[in-house]
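Structure assessment
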Amino acid sequence: MSQHPIQGLASLFGRIMLATIFFMSAVGNKIPNFDNIAGYMASEGVPLPKIMLAGAIVFLIAGSLSLIAGFKARLGAGLLFVFLVLATYYFHDFWTIEDAQAKQGQMIHFMKNLALMGACYL
């Protein structure tokens, strides 16, 4: 049974929409603000923050481009999944926050990342 042409186009648009948040995070934020981001990562307890940030940028760009191109998309989704696991653990640890409003905000980010992790494996 062959795939309807609209399915391929819909799949492409879906991959672009999913990948855009990761790609723009790397090229629009992390690369131009490398030192500030690495400092923030250090303050959150991330080990070897400059090395981890460089790795995150590689994972974000490679994973995004892989998804968009549809080339080794499962591998690209895996890179984004690993990024999300680490980012969620270090930066959205709502369970350590006392302030109710801040806790709720971090819980929302945590849940958003869980949803993105799920989308990586659809």
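The structure under discussion appears in the preceding block.
My aim in this report is to walk through the structure given alongside it, one point at a time. (Residues numbered from 1 in each chain as written. Predicted model: local features only at pLDDT ≥ 70, side-chain atom pairs only at ≥ 80, totals over all residues. Heavy atoms only, no water.)

1. Focus: the packing of helix H1 (residues 5-30) against helix H3 (residues 49-69)
- Where H1 meets H3, the axes come as close as 8 Å, and the angle between the chain directions of the two elements is 155°. As summarised for this structure, H1 and H3 are arranged roughly antiparallel, according to the angle between their axes. Viewed along their axes, H1 and H3 form a crossing whose handedness is left-handed. In this structure, H1 contributes Leu12, Arg15, Ile16, Leu18, Ala19, Phe22, Phe23, Ser25, Ala26, Val27 and Lys30 to the contact, and H3 contributes Leu53, Ile57, Leu60, Ile61, Ser64, Leu65, Leu67, Ile68 and Ala69. (Axes fitted to C-alpha atoms, helices over the stretch in contact; angles between N-to-C directions. Helix = DSSP H or I, 4+ residues; strand = E, 2+ residues; numbered from the N terminus. Parallel < 35°, antiparallel > 145°, perpendicular 65-115°, else oblique. Left-handed = near helix turned anticlockwise from the far one by under 90°. Contact = heavy atoms within 4.5 Å.)

2. Here's the deal with the layout of surface pockets
- Considered as a void within the structure, the largest pocket measures approximately 610 Å³ in volume.
- Along its surface, the largest pocket is lined by 28 residues, and Ser25, Lys30, Phe83, Ala87 and Phe91 are the ones closest to its centre.
- Looking at the lining of the largest pocket, the elements that each hand over two or more residues are H1, helix H2 (34-43), H3, helix H4 (73-91) and helix H5 (100-119).
- Here the lining of the largest pocket gets seven residues from one element, more than from any other, and that element is H4.
- Here the residues of the lining of the largest pocket sort into 19 nonpolar, seven polar and two charged.
- Its volume calculated, the second largest pocket comes out at about 170 Å³.
- What lines the second largest pocket is simply Ser11, Gly14, Arg15, Leu18, Leu67, Ala73, Arg74, Ala77, Ala119, Cys120, Tyr121 and Leu122.
- Elements with a contribution of two residues or more to the lining of the second largest pocket: H1 and H4.
- Counting residues per element, the lining of the second largest pocket draws most heavily on H1, which supplies four residues.
- Of the residues assigned to the lining of the second largest pocket, the class counts are eight nonpolar, two polar and two charged. (1 Å grid on protein atoms, 1.4 Å probe; cavity = no way out; pocket = protein on both sides within 12 Å on 5 of 7 lines; lining within 4 Å. Points joined across faces, edges and corners; volume = space filled by probe spheres on them. Nonpolar A, V, L, I, M, F, W, Y, C, P; charged D, E, K, R; others polar.)

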